[in-house]
Amino acid sequence: MSIRLKTLLTGVVASVAAAGSALAAYPERPITMIVPFAAGGPTDTVARIVGEHMSKTLGQTVVIENVTGAGGTTGITRGAQAAPDGYTIMMGHMGTHGAAPALYPNLKYDPTTDFTPIGLAAGTPIIIVTKKDFAAKDLKEFIAKMKAEGPKLNEGNAGVGSVSHTTCTLLTSQLGIKTARVTYKGTGPMINDLVGGQIDFGCDQIVSVAPQIKAGTIRALAIATPERSPALPDVPTTKEAGMPDYQVSAWNAVFGPKALPADIAAKLNDALVKALDDENTRKRLLDLGGTIADKPGRSQAALQKLVESEVARWTPVLKAAGISAAVNPAGATSGATPPPAAAPAPAAAPAQK
Ligand code: ASP
């Protein structure tokens, strides 16, 4: 063997060994988890709860970084473009990885191809909530008031394509009305304004509204799932309360940028699965009304399938509703009236274990 070839081979062996030991050592420093909405909302809440336990398993802190804007797509774009080294991951949801492609013609990522799925963190049923002294005590009165005064009522949401925007769009389009929309950087600040009475109502994921509903600082009209939530047993379902076709549920899940090395992705999935097996972590999520997927539902493959089915589920509904971030940019307040949209088929709600 020539000296040149020998040197070359030694170099290759050394770099393969270095790559191997880098993987074995991962993670050697804190991991950033991008949350594409403001602190205090459901995405942030789920990220902090699972991130805390993932830190213990990984032996490194999972640091939450809130990167807000454009209905969550700003933070997710940053996450998609991060180096695929396992040090930047993100908490996406039904909006960023299901609804966004139909609403953002210039979206810089494809939820189905530009990520490494890590795993589903929680299922999050949708609840219709109002300020506590809103002049409608139940869903039927709310519907009547919406039909009579819709454009005067302030609906809060977290930007075009967010879960709150998408699910309230479904609600108002089923009622054939328009409302005055007020956009926030996340539903954490939106719920603060609902508590303060600055806005009238919103549609949000259960995990950030459950404590306020229990405390009586806001009012829940109905939960849009077939069954009541064990966390809020007094809140009727939309079917019980008079709007049976309004069925919608959301979810939060962890993603890495595409081309994350398989061993690193598997380590992150293992840390997430362990978090969801941990008694205290489970209790915290379940007490807030979140649901936890069974073991097969927490796999990387299951999340990839969910994303593909969510994009397919929401795209026709939102296109039919005629809304787009191109004409209704996130950050704007608008009263756009989408035509009535059909309810999409029920989400593949993660089974509760
Ligand atoms: N629930 C929010 C949404 O409407 C986002 C958040 O603050 O987590 O998408």
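Residues numbered from 1 in each chain as written. Predicted model: local features only at pLDDT ≥ 70, side-chain atom pairs only at ≥ 80, totals over all residues. Heavy atoms only, no water.

### Some words on the overall build of the chain
Working step 1: Counting secondary structure elements, the chain contains 12 helices and 9 strands.
Working step 2: Taking as baseline every contact in the chain between residues at least 6 positions apart, the subset at least 24 positions apart corresponds to 79%.
Working step 3: For the chain, the exposed area adds up to about 14000 Å²; of that, 57% sits on carbon and sulfur atoms. (Helix = DSSP H or I, 4+ residues; strand = E, 2+ residues; numbered from the N terminus. Contact = heavy atoms within 4.5 Å. Areas by Shrake-Rupley, 256 points an atom, 1.4 Å probe, with all protein chains shown as cover.)

### Examining the side chain of Ser162
Working step 1: With respect to the helices, strands and loops of the structure, Ser162 is situated in the loop between strand 5 (154-157) and helix 6 (163-175).
Working step 2: There is a polar contact of 3.5 Å between the side chain of Ser162 and the backbone nitrogen of Ala158.
Working step 3: Apart from the residues lying within four places of it in its own chain, the contact partners of Ser162 are Phe37, Gly71 and His93. (Polar contact = N/O pair within 3.5 Å; in protein donor to acceptor, adjacent residues only side chain to side chain.)

### Observations concerning the confidence of the model for the chain
Working step 1: For the chain, per-residue confidence averages 88 on the pLDDT scale, and residues scoring 70 or more make up 84% of the total.
Working step 2: This stretch, residues 7-21, has a pLDDT under 50; its non-local contacts, to residues over four places away or in other chains, come to 1 contact. (pLDDT = per-residue confidence, 0-100.)

### A short note on the pairing of strand 5
Working step 1: Here strand 5 runs beside strand 6 (residues 180-183); their pairing, made up of 4 bridges, is parallel. Within the sheet, the bridge partner assigned to Asn154 lies in strand 6 and is Ala180.
Working step 2: With 2 bridges joining them, strand 5 and strand 7 (residues 201-205) adopt parallel strand pairing. Bridge pairing in strand 7 places Gly156 opposite Gly202. (Pairing = 2+ DSSP bridges.)

### Description of the packing of helix 10 (residues 262-277) against helix 11 (residues 279-287)
Working step 1: Their axes nearest at 5 Å, the elements helix 10 and helix 11 cross at an angle of 75 degrees. When the interaxial angle is binned, helix 10 and helix 11 end up roughly perpendicular. Where helix 10 abuts helix 11, its residues Ala275, Leu276 and Asp277 lie against Glu279, Thr281, Arg282 and Leu285.
Working step 2: Of the residues in the contact of helix 10 with helix 11, the class split is 3 nonpolar, 1 polar and 3 charged. (Axes fitted to C-alpha atoms, helices over the stretch in contact; angles between N-to-C directions. Parallel < 35°, antiparallel > 145°, perpendicular 65-115°, else oblique. Nonpolar A, V, L, I, M, F, W, Y, C, P; charged D, E, K, R; others polar.)

### Some details on the state of the cysteines
Working step 1: On inspection of all chains with the given rule, the structure shows 1 disulfide.
Working step 2: Put simply, Cys168 and Cys203 are joined by a disulfide, and their sulfur atoms are 2.1 Å apart. Taking the torsion about the sulfur-sulfur bond, which here is approximately 85 degrees, the covalent link between Cys168 and Cys203 counts as right-handed. In this pair, Cys168 sits in helix 6 while Cys203 sits in strand 7, placing the two residues 35 residues apart along the sequence. Each member of the pair, Cys168 as well as Cys203, is classed as buried. (Disulfide = S-S within 2.5 Å. Buried < 20%, exposed > 50% of the residue type's maximum accessible area, 1.4 Å probe, protein only.)

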